[in-house]
Amino acid sequence: YVLEQLASRLRSGRFKLLFRKSAGFFVYNIFDRINDEFHKSVSQIASVIRRSGREYSKSSEKQLLEIYSSNVALSHFSQALTANKEVLAVLRKSRLRVFNATDLERFDDLYNDLLQIIDTQKIQMDIMSKIFNFQTILSSYKLNTFMKRRKQKMRTFMNYSDAV
């Protein structure tokens, strides 16, 4: 998505300044936008989780599917973020002449930002796991309660039948 936006802006001539600066600035700009998109997406998923977390006992199938979809998205993010982390680790230690000291500092900043996004993503996955576990416990509790009531009604009915 970020690269599509970049290509569109380049075609329209709105990003010419990227080519007036260093190659490192160009790479930095792309990764900075990618980090921003990941951060925005993880934040959106966090709001879904918070909303679902407030309504544990009222969870509908729609909410559970929304949480599951978010969990799948976070799993895909995990793979992509790990790959980006590897690329940024190489870039920040790069000794290529096209990258100056300022570029390497920018890559360090990007790397640290990415680590924060990865931590946030992991926290959200942990919270989702806890929500799923709680849903399982809650469903089991409701089923057990229902079965006990049903069994009790059956006993009452059988006692009433025997008495008649």
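Criteria and thresholds
- Residues numbered from 1 in each chain as written.
- Predicted model: local features only at pLDDT ≥ 70, side-chain atom pairs only at ≥ 80, totals over all residues.
- Heavy atoms only, no water.
- Helix = DSSP H or I, 4+ residues; strand = E, 2+ residues; numbered from the N terminus.
- Buried < 20%, exposed > 50% of the residue type's maximum accessible area, 1.4 Å probe, protein only.
- Contact = heavy atoms within 4.5 Å.
- Areas by Shrake-Rupley, 256 points an atom, 1.4 Å probe, with all protein chains shown as cover.
- Patch = residues over 30% accessible without salt bridge, like charges linked within 9 Å, V, L, I, M, F, W, Y side chains within 5 Å.
- Salt bridge = Lys/Arg side-chain N within 4 Å of Asp/Glu carboxyl O.
- Lys, Arg positive; Asp, Glu negative; His and termini not counted.
- Charge placed at Lys NZ, Arg CZ, Asp CG, Glu CD.
- Core = buried A, V, L, I, M, F, W, Y, C linked by side-chain atoms within 4.5 Å.
- Phe/Tyr/Trp six-rings, centres within 6.5 Å; stacked < 30°, edge-to-face > 60°.
- Lys NZ or Arg CZ within 6 Å of the ring centre and 35° of its normal.

**Student:** What should I look at first to understand the overall build of the chain in this one?
**Tutor:** Scanning the chain from N- to C-terminus turns up 5 helices and 0 strands. Listing every helix and strand of the chain by position from the N terminus yields α-α-α-α-α. Relative to its 164 residues, the chain shows a buried fraction of 28%. Counted over contacts in the chain with a minimum sequence separation of 6, partners at least 24 positions apart contribute 75%. Per element, the accessible surface of the chain, about 11600 Å² overall, is 55% carbon and sulfur.

**Student:** Help me understand a negative patch on the surface in this model?
**Tutor:** On the surface, Asp36, Glu105, Asp109 and Asp113 cluster together into a negatively charged patch. Counting residues per element, the negative patch draws most heavily on helix α5 (residues 101–163), which supplies 3 residues. Looking at where Asp109 falls in the secondary structure, it is placed in helix α5.

**Student:** Help me out: how do you make sense of the pattern of salt bridges in this one?
**Tutor:** Pairs may arise between side chains of opposite charge once their charged atoms sit close together. By the definition in use, this model includes 4 salt bridges. Arg106 is the salt-bridge partner of Asp103, the closest N and O atoms lying 3.4 Å from each other. Here the residue Asp103 and the residue Arg106 both occupy positions in helix α5, the gap between them amounting to 3 residues, near one helical turn.

**Student:** Sorry, what's going on with the nonpolar core here?
**Tutor:** Across soluble globular proteins, nonpolar side chains show a tendency to be buried alongside one another. Of all hydrophobic cores here, the largest spans 26 residues; its most connected members are Phe77, Leu81 and Leu88. Contributing elements (two or more residues each) for this core: α1 (2–11), α3 (23–54), α4 (61–92) and α5. For this core, the leading source of residues is α5, giving 9 residues. Excluding anything up to four places from it in sequence, Leu81 contacts Phe38, Leu114, Ile117, Ile118 and Gln121.

**Student:** How should the packing of aromatic side chains be read in this particular structure?
**Tutor:** Going through the model one piece at a time under the given rule, you end up with 3 aromatic pairs. Judged by centre distance (6.3 Å) and plane angle (35 degrees), the rings of Phe25 and Tyr28 are tilted. Taken together, the residues span about one helical turn, with Phe25 and Tyr28 both in helix α3 at a distance of 3 residues. Judged by its relative accessible area of 13%, Phe25 is buried. Ring geometry for Phe38 versus Phe77: centroids 5.3 Å apart, planes at 85 degrees, classification edge-to-face. Note that Phe38 is positioned in helix α3 and Phe77 in helix α4, a separation of 39 residues in sequence. Lying across the ring of Tyr111, Arg92 places its NZ or CZ 4.1 Å from the centre. The lysine or arginine in question, Arg106, covers the ring of Tyr28, its NZ or CZ lying 5.7 Å from the ring centre.

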